[in-house]
Amino acid sequence: MSERNTIIELSHLGKEFQGKDAKVRALRDINLKIEAGEIFGIIGLSGAGKSTLVRCINFLETPTEGDVIFDGRSLKSLTEKELREARRSMGMIFQQFNLLAQRNVLKNISFPLEIAGVPKKQALERAKELLEIVGLSDKARSYPSQLSGGQKQRVAIARALAGNPKVLLCDEATSALDPNTTNSILQLLKEINQKYGITIIIITHEMKVVEAVCDRVAIIDQSQIAECGPVSEVFHNPKSQIGRHFILGDALKEISFDNQLFYRIIFDGLEATEPVIAKMALACKFPVNIAYASTKRIGDKAVGQMVIQVPERDEDRQKVVRFLETERIPYEEVEGNEF
Amino acid sequence: MSFDAQTVQMLAVGTLETLYMIFASAVMAYVIGLPLGVILVVTDKDGIRPMPVVNQILGFIINILRSIPFIILLIMILPITRAIAGTTIGVNATVVPLVASAAPYIARMIESALKEVDAGVIEAAKSMGASTWQIIYKVLLPESVPVNLMGAAITVTTILGYTAMTGFTGGGGLGGIAVNYGYYRYETVIMLVSVVLLIVIVQIIQAAGVKLSRKCDKRIR
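Residues numbered from 1 in each chain as written. Chains lettered and ligands numbered in written order. Predicted model: local features only at pLDDT ≥ 70, side-chain atom pairs only at ≥ 80, totals over all residues. Heavy atoms only, no water.

(A) Up close: the overall build of chain B. When helices and strands are tallied, chain B shows 10 helices and 0 strands. Reading the secondary structure of chain B in the N-to-C direction produces α-α-α-α-α-α-α-α-α-α. Counting only C-alpha atoms and orienting by the principal axes, one finds that chain B spans roughly 70 × 45 × 25 Å. Looking at chain B as a whole, 48% of its 221 residues qualify as buried. Sequence separation of at least 24 residues holds for 73% of the intrachain contacts in chain B that already meet a minimum separation of 6. The centroid of the 15 positive side-chain charges in chain B is displaced by 3 Å from the centroid of its 11 negative side-chain charges. (Helix = DSSP H or I, 4+ residues; strand = E, 2+ residues; numbered from the N terminus. Buried < 20%, exposed > 50% of the residue type's maximum accessible area, 1.4 Å probe, protein only. Contact = heavy atoms within 4.5 Å. Lys, Arg positive; Asp, Glu negative; His and termini not counted. Charge placed at Lys NZ, Arg CZ, Asp CG, Glu CD.)

So, in structure tokens, the structure goes:
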């Protein structure tokens, strides 16, 4: 991945909004390099600043500090007209789809081409092609109100691709969809990324979206990047508290931590098939309490995580640690009051 | 109080005059009011090209025109009417105060219709590199057509109500007949007949507006 070129670079990006009484800081010193051809996830809780961040990437919001370098050009230095042209190389899709209600599907897709001054006939032909790519050829004459959420998002994706963009920005694109539809949209995005080499930036609050399709992820918390790296790396070894929060995900809902100490164990590849816990129980000579366990697919690897309750006696705890270390199983302490 | 051929003809001419007045003034009022409404939306502090000073001045002028009762406006602008139409009586002269009154009304109607357009759709257009002008004529106006058609029906019927008042200053149409015969000569039947004709016109326009609006609204299926 290091051989790839940087397509978007955010350098010292900051954004401050003028609130009613005081200034509100939405982004603080954001530095990110997004490489051409990757799927990059930006995850954060609501209010973390991720929506502002994605709008700063295409300058829908003008950052108050720093700059965005897109394809070698500083967006800050562009005139309004040049900026509009630059935006045509960045498609964008939204949580609420944002289709034009009074235009049929085909004309929604040809809309950005119309804006760019492409002749009507040519634009409609391109729209038909795109409709085929997103698998909705039979809906060309339908209006958005006649489509399901997933279909609307497919139309929105087709529309975003119409101008052959280099980058596709997805702002919570699957957050209004049910799990099945979410998966199919994510698969479509992955397909588009692989087939056409379009760089995709996915803004989300759901770790499962990141795990399903992203190559790298940046975690944003309180207007700043808390950590950034390849998804599997962040999953194995989250460096920030917010990172652990996202990775533990469901576990947090299911275990009450009550200031107790837990170990989070990560498996991948082989260990996932080995009876680790049974072996641990045998080796340590006491039963181990499993608080939470799950397996997921990150990239093309199956990865598992398990949260076990740590014995209260120091001596027993040592045994567990020794066992995990001899078996070379990555683990980390998770404390209830952290969250 | 005879209902002879002459009276019937007078009422027929009055009806046509009324229709002429409302449509001529509606068209002209839209020519003025539509762009004003668009400017109000676009220059709003949350608009696509905020210009607070322009917005406030325009809003202020519109509010002043909107707050003068029509019957007063009618008399107040008589000199302007004479300057534009060459006379202050008759059908053509009536159009001037009608436009003066309807244009700011239309501006507000258009403003509220355009503000209903989903902000997300406007943002999407911006993300595609649409210019302010393109957002206006490719997003704001087409997306608000159904609401604006409903608004047009309401506007036209309001203008119709105003045409009746112009009867007092020598305007023509059914309003003039109702005033001249019904009010000044106590010929109640003629007044009632003109009123009934006015009611019929209102019903037709309102029904047509609703139907047209529904027909071109793609949101409801």
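(B) Broad picture of the packing of aromatic side chains. Evaluated as defined, the whole model comprises 5 aromatic pairs over all chains. Ring centres 5.2 Å apart and planes at 70° place the aromatic pair B:Tyr183 and B:Tyr184 in the edge-to-face group. Sitting over the ring of A:Phe235, A:Arg264 keeps its end group 5.1 Å from the ring centre. Over the aromatic face of B:Tyr181 sits the side chain of B:Arg185, whose NZ or CZ is 4.4 Å from the ring centroid. (Phe/Tyr/Trp six-rings, centres within 6.5 Å; stacked < 30°, edge-to-face > 60°. Lys NZ or Arg CZ within 6 Å of the ring centre and 35° of its normal.)

(C) Representation of the pattern of salt bridges in the model. Taken as a whole and judged by the stated rule, the model has 26 salt bridges over all chains. Measuring nitrogen to oxygen at the nearest pair gives 2.6 Å for the salt bridge that ties A:Glu114 to B:Lys138. Pair noted here: A:Glu114 is in helix 3 (residues 105–115) and B:Lys138 is in helix 7 (residues 132–143), and the two residues belong to different chains. Among the salt bridges present, the one from A:Glu191 reaches A:Lys195, with a minimum N-O distance of 3.9 Å. Of the two residues, A:Glu191 and A:Lys195 both sit in helix 6 (residues 179–196), 4 residues apart, roughly one turn of that helix. (Salt bridge = Lys/Arg side-chain N within 4 Å of Asp/Glu carboxyl O.)

(D) Fine view of the sheet that holds strand 8 (residues 199–204) of chain A. Residue and element names in this part refer to chain A. Pairing is mixed across the open sheet formed by 6 strands, whose spatial order is 6-7-8-3-9-10. The open sheet has two free edges, formed respectively by strand 6 (90–94) and strand 10 (224–230), since each of these has just one partner strand. Pairwise comparison of adjacent strand axes, ignoring direction, gives a mean angle of 15° for this sheet. Note that strand 7 (residues 167–171) and strand 8 share 5 bridges and pair parallel. Note that in strand 8 the partner of Val167 across the bridge is Thr199. Contacts from helix 1 (residues 50–57) reach strand 3 (39–44), strand 6, strand 7, strand 8 and strand 9 (216–221), with the element oriented near 155° to strand 7. (Pairing = 2+ DSSP bridges. Axes fitted to C-alpha atoms, helices over the stretch in contact; angles between N-to-C directions.)

(E) Here's a closer look at the side chain of B:Thr166. Looking at where B:Thr166 falls in the secondary structure, it is placed in the loop between helix 8 (145–165) and helix 9 (173–183). Beyond its immediate sequence surroundings of up to four residues, B:Thr166 is in contact with B:Phe70, B:Leu74, B:Thr94 and B:Gly171.

(F) Inspection of a positive patch on the surface at higher detail. All names here are of chain A. A cluster of basic residues, Lys107, Lys120, Lys128 and Arg141, forms a positive patch at the surface. If you trace the backbone, Lys120 turns up in helix 4 (residues 120–133). When its relative accessible area of 55% is taken as the criterion, Lys120 is described as exposed. (Patch = residues over 30% accessible without salt bridge, like charges linked within 9 Å, V, L, I, M, F, W, Y side chains within 5 Å. Areas by Shrake-Rupley, 256 points an atom, 1.4 Å probe, with all protein chains shown as cover.)

(G) Summary view of the nonpolar core. Ranked by size, the top nonpolar core spans 81 residues in total, and within it A:Ile8, A:Leu10, A:Leu75 and B:Val139 carry the most contacts. Here this core takes 10 residues from helix 5 (residues 91–115) of chain B, the largest share from any one element. In this structure B:Val139 touches A:Leu100, A:Phe111, B:Val117, B:Val121, B:Ile122, B:Ala125 and B:Gln134, once residues within four positions along its chain are discounted. Core analysis: the next-biggest nonpolar cluster, separate from the first, contains 52 residues, A:Val105, A:Leu168, A:Ile202 and A:Val231 among them. (Core = buried A, V, L, I, M, F, W, Y, C linked by side-chain atoms within 4.5 Å.)

(H) Representation of the sheet that holds strand 5 (residues 73–74) of chain A. Residues and elements named next belong to chain A. Strand order in this open sheet of 4 strands is 2-1-4-5, and the pairing throughout is antiparallel. This sheet does not close on itself; its edge strands, each paired only once, are strand 2 (23–35) and strand 5. Across 2 bridges, the pairing between strand 4 (residues 65–70) and strand 5 is antiparallel. Looking at strand 5, one finds that Phe70 is bridged to Arg73. Contacts between helix 1 and the sheet are confined to strand 1 (6–18), strand 2 and strand 4, with strand 1 contributing the most and set at about 120° to the helix.

(I) Up close: the domain arrangement of chain A. Residue and element names in this part refer to chain A. Under the domain assignment, chain A is made up of domain 1 (6–241) and domain 2 (249–338). Between the C-alpha centres of domain 1 and domain 2 there is a distance of 36 Å. Facing the 7 residues of domain 1 at the interface are 12 residues of domain 2. With both sides pooled, the region where domain 1 packs onto domain 2 buries about 910 Å², and carbon together with sulfur makes up 57% of that total. In this structure, the connection of domain 1 to domain 2 is made through 0 salt bridges. (Domains from an automatic or database assignment. Buried area = accessible area lost by both parts, 1.4 Å probe.)

(J) A look at the packing of helix 6 (residues 119–127) of chain B against helix 7 of chain B. All names here are of chain B. One way to put it is that helix 6 packs onto helix 7 with a least axis distance of 10 Å and a crossing angle of 140°. Judged on the interaxial angle alone, helix 7 and helix 6 are oblique. In terms of crossing hand, the pair formed by helix 6 and helix 7 is right-handed. Seen from helix 6, the contacting residues are Val121, Ile122, Ala125 and Lys126; seen from helix 7, they are Ile135, Val139 and Leu140. Residues of the contact of helix 6 with helix 7, tallied by class, amount to 6 nonpolar, no polar and 1 charged. (Parallel < 35°, antiparallel > 145°, perpendicular 65-115°, else oblique. Left-handed = near helix turned anticlockwise from the far one by under 90°. Nonpolar A, V, L, I, M, F, W, Y, C, P; charged D, E, K, R; others polar.)

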